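Here is how the chains run, residue by residue.
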Amino acid sequence: MKKRNFVYFFGALFVFCLLLFGAPRRAEAAYTVSYNSDGSATLKNQSTGGTVAKLSVKGERIGKGIVVTSKNVFYLSYSVGQSKNTYSIIQQNLSTGSKKRLIRLTTVYDSYHIRAIYDGSLYLEATSPGGRGMACRFTVSSKKFEALANGSWAFGYKYRFVIDGSANSGMPSPGTCYVYNTKSRNLTVIATYVLGTGYSGKYAYFASMKSPSESALVSMQPVSYKIIRYDLSTAGKKTLVSSMKAYRVEKITANYVYHSGYKTSTGQNVYYRYNIAKKKNVQISEATYRKAVE
């Protein structure tokens, strides 16, 4: 079974795969979408450049985040309000062009973004006042909308997916990370006070502060972390490092923890690579660090 990742979509033109969050049984087409000045959007076949569908709702604009199945395209439309926009989920038949409004979404949140479709459910993120993200699920058949947990959809393997509560509106802050099982619909806390993650294959890695602290983020000073690995194929959790001093963790791989900070004694930024097996820190150059984390 292949891994499946949630992918962020930004800009007026982007590419995504059919059944991004699902398990396609055959090679599927990829598409591009462009947003037009009149509020509509145009869906095209990436390979041929041919128009697949024109997406529009009278008096409304098309929002970011569009997913496609073999029969339908699902997207957000919104009407502009004085204080808040009102969002709806639209289902449009690719063959006939017929469309229906599945639900008008609550205005508790400022905006919405569809990330993927899987097993008949749409997975979205909502942004609440202050920019805090919320991972959500909408079941198409029952039209049930659920706010699952604070955070953003980050990574998945088979039917388990990480909700990263340390990333809100692109700004990292210590948060809780969860794994959501799309079959059982169970939500499990994996790590708290997380500031630093990594995803590879079937594994998710978390740098969990041993006690609540903002110093690694605000003052860029070292704090104590433990490094946790979670196996999304088996739901197995393992502590790889019980205690390590590190600055702000930016990336975790199977072998290394990359972290950077500011050394007050020299007045310079510093960059480190921590060897998980040897439990040893090595200072590296900024160029080496950037190449590894970007």
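A quick note: this is a predicted structure, and the numbers were derived from the prediction, not measured.

## Some points on the sheet that holds strand 11 (residues 121-127)
With antiparallel pairing, the 4 strands of this open sheet are ordered in space as 10-11-12-13. The sheet terminates laterally at strand 10 (111-118) and strand 13 (144-150), the two strands that pair on one side only. Neighbour-to-neighbour, the strand axes of the sheet open up by a mean angle of 25°, direction not taken into account. Across 6 bridges, the pairing between strand 12 (residues 133-139) and strand 13 is antiparallel. Paired with Ala135 across the bridge in strand 13 is Ala149.

## Some thoughts on the packing of aromatic side chains
Throughout the structure, instances matching the rule amount to 13 aromatic pairs. Ring centres 5.0 Å apart and planes at 50° place the aromatic pair Tyr271 and Tyr289 in the tilted group. Linking Tyr271 in strand 25 (residues 268-275) with Tyr289 in helix 2 (residues 286-293), this pair joins segments that are 18 residues apart in sequence. Of the two residues examined, Tyr271 and Tyr289, each falls in the buried class. Among the aromatic residues, those joined into a cluster by ring pairs are Tyr78, Tyr87, Tyr109, Tyr112 and Phe145. Directly above the ring of Tyr35 sits Lys64, whose terminal nitrogen or CZ lies 4.4 Å from the centroid.

## Some points on the sheet that holds strand 7 (residues 72-79)
Taken in spatial order, the 4 strands of this open sheet run 6-7-8-9, and their pairing is antiparallel. The outermost strands of the open sheet, each flanked by one partner alone, are strand 6 (61-68) and strand 9 (99-104). The average angle at which neighbouring strand axes cross in this sheet is 25°, direction not considered. As paired strands, strand 7 and strand 8 (residues 86-93) are joined by 8 bridges and run antiparallel to one another.

## Brief notes about the environment of Ala147
Here Ala147 shows up in strand 13. Judged by relative accessible area, which is 41%, Ala147 ranks as partly exposed. C-alpha separation for the pair Ala147 and Arg137, spaced 10 residues apart in sequence, amounts to 6.6 Å. Not counting residues within four places of it along the chain, the set of residues in contact with Ala147 comprises Tyr109, Met134, Ala135 and Cys136.

## Some details on helix 2
Those residues of helix 2 that sit buried are Tyr289, Ala292 and Val293. Down the axis of helix 2, the smallest arc covering the buried residues is 85°, so these residues share one side. Across from the buried face of helix 2, at angles greater than 90 degrees, the exposed residues are Ala287 and Lys291. Packed against the buried residues of helix 2 are strand 23 (248-252), strand 24 (256-263) and strand 25.

## Some words on the confidence of the model for the protein
Residues of the protein with pLDDT of at least 70 account for 85%, and the chain-wide mean is 86. Note that pLDDT drops below 50 for residues 1-28; the model gives that stretch 87 contacts with residues more than four away or on any other chain.

## Re the environment of Asn186
Along the chain, the position of Asn186 falls in the loop between strand 18 (175-181) and strand 19 (187-200). What makes Asn186 partly exposed here is its relative accessible area of 46%. In this structure the C-alpha to C-alpha distance between Asn186 and Arg160, which are 26 residues apart in sequence, comes to 9.7 Å. Setting aside its immediate chain neighbours within four residues, Asn186 contacts Val179, Tyr180 and Asn181.

Cut-offs applied
Residues numbered from 1 in each chain as written. Predicted model: local features only at pLDDT ≥ 70, side-chain atom pairs only at ≥ 80, totals over all residues. Heavy atoms only, no water. Pairing = 2+ DSSP bridges. Helix = DSSP H or I, 4+ residues; strand = E, 2+ residues; numbered from the N terminus. Axes fitted to C-alpha atoms, helices over the stretch in contact; angles between N-to-C directions. Phe/Tyr/Trp six-rings, centres within 6.5 Å; stacked < 30°, edge-to-face > 60°. Buried < 20%, exposed > 50% of the residue type's maximum accessible area, 1.4 Å probe, protein only. Lys NZ or Arg CZ within 6 Å of the ring centre and 35° of its normal. Contact = heavy atoms within 4.5 Å. Arc of directions from axis to C-beta. pLDDT = per-residue confidence, 0-100.

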